[in-house]
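Residue-level structural notes
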Amino acid sequence: NAGVMQNPRHLVRRRGQEARLRCSPMKGHSHVYWYRQLPEEGLKFMVYLQKENIIDESGMPKERFSAEFPKEGPSILRIQQVVRGDSAAYFCASSPSQGLETQYFGPGTRLLVL
Amino acid sequence: RKEVEQDPGPFNVPEGATVAFNCTYSNSASQSFFWYRQDCRKEPKLLMSVYSSGNEDGRFTAQLNRASQYISLLIRDSKLSDSATYLCVVGGGRSGGYQKVTFGIGTKLQVIP
């Protein structure tokens, strides 16, 4: 049973470009969470999704960031017009049900904006 | 007040020492508690769940004090491989119709030879 998969593992973008981060949850998990970790800081919740639904996006910046979890395929975190402050590690986690269940993390995508 | 508070450290301890971390949470309706471990530039991994009765896993002991709203992690006989950041995680307390999980900033442990 493969764990949570994220790709790419490293992503370099220039300011103004778009970044697309992908997350495939563990088999049997239908709940996906995205977190951002800035250097030397803790994990910050961004968004919680179930298949085809955004449940909680209270941690998402109001502009340039969006997330989806389609019926088929991985969850996508999309950052438009990236700025240097978007450079961070973005972790995806999945769980079999919501909230209280243990969340299993993917290896993360490290985004560097030049 | 933050929802989950931890001392970021770092805690520098010699091999073989016993070290304890505390974590406080603000939501008295919280229902589940975990400790995760995060190695440098890696993803967080579940270390152990924390139960009301306390629980032990080898050299690691976790306890919950609901009255004072804190959880603790005790590591006995520290090993060099225990060097990592330990994240306190608290779940529960409905927000927007579901029970939310909140991560603390983490406490950094460095075990010194």
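Scope of this entry: the structure provided in the associated data block. Just so it is clear, the structure is predicted and the values come from calculations on it, not from any experiment.

As for the pattern of salt bridges
It is possible for side chains bearing opposite charge to pair when their charged atoms get close. Residue and element names in this part refer to chain A. Per the counting criterion, the structure on display carries seven salt bridges over all chains. Its salt-bridge partner being arginine 20, residue glutamate 18 comes within 2.9 Å of it at the nearest N-O pair. Relative accessible area serves as the criterion here: at 30%, glutamate 18 is assigned to the partly exposed category. Given the relative accessible area of 40%, arginine 20 is considered partly exposed. Between arginine 78 and glutamate 18 there is a salt bridge, with its nearest N and O atoms 2.9 Å apart. With arginine 78 in strand 8 (residues 75-79) and glutamate 18 in the loop between strand 2 (10-13) and strand 3 (19-24), this residue pair connects regions lying 60 residues apart in the sequence. Relative accessible area serves as the criterion here: at 27%, arginine 78 is assigned to the partly exposed category. The structure contains a network of salt bridges with shared partners spanning Glu18, Arg20 and Arg78.

Considering the sheet that holds strand 1 (residues 4-6) of chain B
All names here are of chain B. Taken together, the five strands give an open sheet; going across it, the order is 1-3-8-7-6, and neighbouring strands pair in antiparallel fashion. Of all strands in the sheet, those bounded by a partner on one side alone are strand 1 and strand 6 (55-57). The average angle at which neighbouring strand axes cross in this sheet is 20 degrees, direction not considered. Note that strand 3 (residues 19-25) and strand 8 (residues 70-75) share six bridges and pair antiparallel. Of the residues in strand 8, the one forming a bridge with cysteine 23 is isoleucine 71.

Observations concerning the side chain of serine 94 of chain A
Residue and element names in this part refer to chain A. Along the polypeptide, serine 94 turns up in strand 9 (residues 88-95). By relative accessible area, which is 0% here, serine 94 ends up buried. A polar contact of 3.3 Å, which involves the side chain of serine 94, links it to the backbone nitrogen of methionine 26. Not counting the four nearest positions on each side in its chain, serine 94 is found in contact with Val4, Pro25, Met26, His29, His31, Val32, Tyr33, Thr102, Gln103 and Tyr104.

Some details on the interface of chain A and chain B
In this assembly, 20 residues from chain A lie in contact with 20 residues from chain B. Buried area between chain A and chain B, summed over both chains or domains, comes out near 1700 Å², and the portion from carbon and sulfur atoms is 57%. There are zero salt bridges connecting chain A and chain B. Elements represented by at least two residues in the side of chain A that touches chain B include exactly strand 4 (31-37), strand 5 (43-50) and strand 6 (53-56) of chain A. Its residues assigned to classes, the side of chain A that touches chain B comprises nine nonpolar, eight polar and three charged.

Let's talk about the sheet that holds strand 1 (residues 5-7) of chain A
Residue and element names in this part refer to chain A. One open sheet accounts for four strands, arranged 1-3-8-7; its pairing is antiparallel. Sheet topology places strand 1 and strand 7 (65-68) at the edges, where each strand pairs with a single neighbour. Across the sheet, the axes of successive neighbouring strands diverge by a mean angle of 15 degrees, strand direction being ignored.

Analysis parameters
Residues numbered from 1 in each chain as written. Chains lettered and ligands numbered in written order. Predicted model: local features only at pLDDT ≥ 70, side-chain atom pairs only at ≥ 80, totals over all residues. Heavy atoms only, no water. Salt bridge = Lys/Arg side-chain N within 4 Å of Asp/Glu carboxyl O. Buried < 20%, exposed > 50% of the residue type's maximum accessible area, 1.4 Å probe, protein only. Helix = DSSP H or I, 4+ residues; strand = E, 2+ residues; numbered from the N terminus. Pairing = 2+ DSSP bridges. Axes fitted to C-alpha atoms, helices over the stretch in contact; angles between N-to-C directions. Polar contact = N/O pair within 3.5 Å; in protein donor to acceptor, adjacent residues only side chain to side chain. Contact = heavy atoms within 4.5 Å. Buried area = accessible area lost by both parts, 1.4 Å probe. Nonpolar A, V, L, I, M, F, W, Y, C, P; charged D, E, K, R; others polar.

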